[in-house]
Structures are given as structure tokens and as C-alpha cells.
Amino acid sequence: MRPTALIAGGLAALTILGASAAVQADESDGLVVVELFTSQGCSSCPPADALLERLAQRDDVLPLALHVDYWDYIGWADSFARPEHTKRQKAYAHLAGSRTIYTPQMVIDGVEQIVGARPMEVADAVMRHLEHQQEIDVDVSREGAALRILAAPPEQSHGTMLVQLVRYMPKRTVAIERGENAGKTLEYANIVTDWRVLGEWSGMDPLEISADAEGDDAAAVIIQQAETGKILGAANLR
């Protein structure tokens, strides 16, 4: 099957399953976090970028594009690339026992790693993760230029958990002038501009913290198990 047919099939699968998935999400308060490691200089990445843009239309998925910097040397410096994103991808590789990283790669809820240009696999993974209720309900509200973040202690211990604030731009268009995608004008969605660890949480007591959230970028809060990388709860403020 041609790659374009595979991509179309994957997008169709996400669309067809959208209605039932939304019902499941309403019942279980599910929010699946999908991290895409991508680059403007990677010729294999545009289909994955388009898939992430489609996922961004769903209320039960938090898709985040983390542009890496290790493609910049071949002639086009990604305008969204951050070395912190490369470091995060390497951390996921270490958790998986791998010594290599690549683009496009998607990481689902911090634990499932998939080639980002395989839409059917991504769709199947998203649906699997939507079937499970988030282990931690995260309540986020705006208070002026700050966010108030609340969470009740989980039923079981997860060890040390990281409370993280993610800022992202919902959409940008970029004209690529050089590199493998030279001459293309590409749409990007949910581009991560900042990823901060606000603190560690043991889960022994209720979580109640505030975080600065100035600026126009959208915000999301992610609670992630430090040892395994598993995402236990997330909330999105667009």
C-alpha cells in the first residue's frame, strides 16, 4: 500500500472512532497525551505533523509537538527546535533500553513509543489508552496570569511524581527554504515552547500549587511518574 493511502486510512480511523472515543472520554475523564518528536528538516515528518494536527481537533487527546535540534546541521535550522526536546526524547529512549532516537516518533502517555508516520498504529494506541481512566484527576483554573493546580492523592502510591507545566502555540505556518523539505510550506500544530517541572509530588497529601502562565500560549499540566515516565494525569487549557 502506498504511504499516502496509509496516512489517509489512519486519519479516517481517527475520524470514524472519534464519536465513540469522545463518549468513553466523558465517562472516564480520559485525556491521552501524545508527544511527537519532529523536525522541519526531516522529509519523513510532514505526514506525522499532519496527523498531530488532526489529533489536536479532539477533546480527549493532548497532542504536543516537540521539535528537536539534531536535524539542524543539514541545511535548515528548525525555528521551533529546542535542545530540551532532544534531551527529553533521549530520556524516553533510555527508559525503553534504546541507544538511538529518530524522527518522527510519537510517545503515547509516556510509555508507548511508535513511529509517528504509522497512523494506524497511532490510532490503535490512542484508542487503547482512552479505555483506561486517568489515575490522577488534575484540576487547573486561571487566576489572572497564574494557574491554580489541584489534585487529590491517588489511590495507590506511584513514588515520586513530576508536576509539569507545558506551554504551546496552537498553530503556525512555516515556509521551508532549505534542507530535505525545501520549497514546502507546512502547517504545524501544538508546538511546545516551554516545558517546566514545577515540582515533585509524593502523592501523600493533596496537591495545591500555583504557576506563572503569562503570555498568549496555551497551557497544559502533566503529572508523570518519575521512575517510569508514565503519565498519570493531565489537563489542558487552550
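The structure reproduced in this document is the subject of the present report.

Quick notes on the rules
- Residues numbered from 1 in each chain as written.
- Predicted model: local features only at pLDDT ≥ 70, side-chain atom pairs only at ≥ 80, totals over all residues.
- Heavy atoms only, no water.
- Core = buried A, V, L, I, M, F, W, Y, C linked by side-chain atoms within 4.5 Å.
- Buried < 20%, exposed > 50% of the residue type's maximum accessible area, 1.4 Å probe, protein only.
- Helix = DSSP H or I, 4+ residues; strand = E, 2+ residues; numbered from the N terminus.
- Pairing = 2+ DSSP bridges.
- Axes fitted to C-alpha atoms, helices over the stretch in contact; angles between N-to-C directions.
- Expected span 1.5 Å × (residues − 1).
- Contact = heavy atoms within 4.5 Å.
- Polar contact = N/O pair within 3.5 Å; in protein donor to acceptor, adjacent residues only side chain to side chain.
- Salt bridge = Lys/Arg side-chain N within 4 Å of Asp/Glu carboxyl O.

**Describing the nonpolar core**
By size, the foremost hydrophobic cluster in this structure holds 21 residues, and its most contacted members are Val33, Leu62, Leu64, Val166, Trp195 and Ile222. Counting only elements with at least two residues in this core, the list comes to β1 (32-38), β2 (61-67), β7 (161-175), β8 (185-201), β10 (218-225) and β11 (231-237). Formed by 18 residues, the second largest nonpolar core is a distinct cluster that contains Val140, Val163, Ala211 and Val221.

**Digging into the sheet that holds strand β9 (residues 207-212)**
Think of a sheet as strands paired side by side through backbone hydrogen bonds, with each pair either parallel or antiparallel. Here three strands make up an open sheet; going across it, the order is β5-β6-β9 and the pairing antiparallel. Each edge of the open sheet carries a strand with a single partner, namely β5 (138-143) and β9. Averaged over all pairs of adjacent strands, the angle between their axes in this sheet comes to 20°, without regard to strand direction.

**Comments concerning helix α5 (residues 119-130)**
Taking 1.5 Å per residue, twelve residues should reach 16 Å; α5 reaches 16 Å between its end C-alpha atoms and fits that length. Within α5 the residues assigned to the buried category are Pro119, Val122, Ala123, Ala125, Val126, Met127, His129 and Leu130.

**A few points about the environment of isoleucine 114**
Among the secondary structure elements, isoleucine 114 is positioned in strand β4 (residues 112-115). Between the C-alpha atom of isoleucine 114 and that of proline 104, which follows or precedes it by ten residues, the distance is 8.8 Å. If we skip the residues at most four places from it in the chain, isoleucine 114 touches Tyr102, Pro104, Gln105, Met106, Ile108, Glu121, Val122 and Ala125.

**Digging into the side chain of serine 39**
Tracing the backbone shows serine 39 in the loop between β1 and α3 (46-55). Reaching out from serine 39, the side chain makes a polar contact with the backbone nitrogen of glycine 41 at a distance of 3.1 Å. Each residue touching serine 39, except ones within four places of it in the same chain, is listed here: Cys45, His67, Val68, Trp71 and Asp78.

**Here's the deal with the pattern of salt bridges**
Inspection of every chain in the model, using the stated rule, returns eleven salt bridges. Glutamate 121 serves as the salt-bridge partner of arginine 118, at 3.7 Å between the closest nitrogen and oxygen. Residue arginine 118 is classed as partly exposed on the basis of its relative accessible area of 42%. Put simply, arginine 148 and glutamate 143 hold a salt bridge, and the shortest N to O gap is 3.9 Å. Its relative accessible area of 28% is what places arginine 148 among the partly exposed residues. Note on glutamate 143: relative accessible area 43%, which makes it partly exposed.

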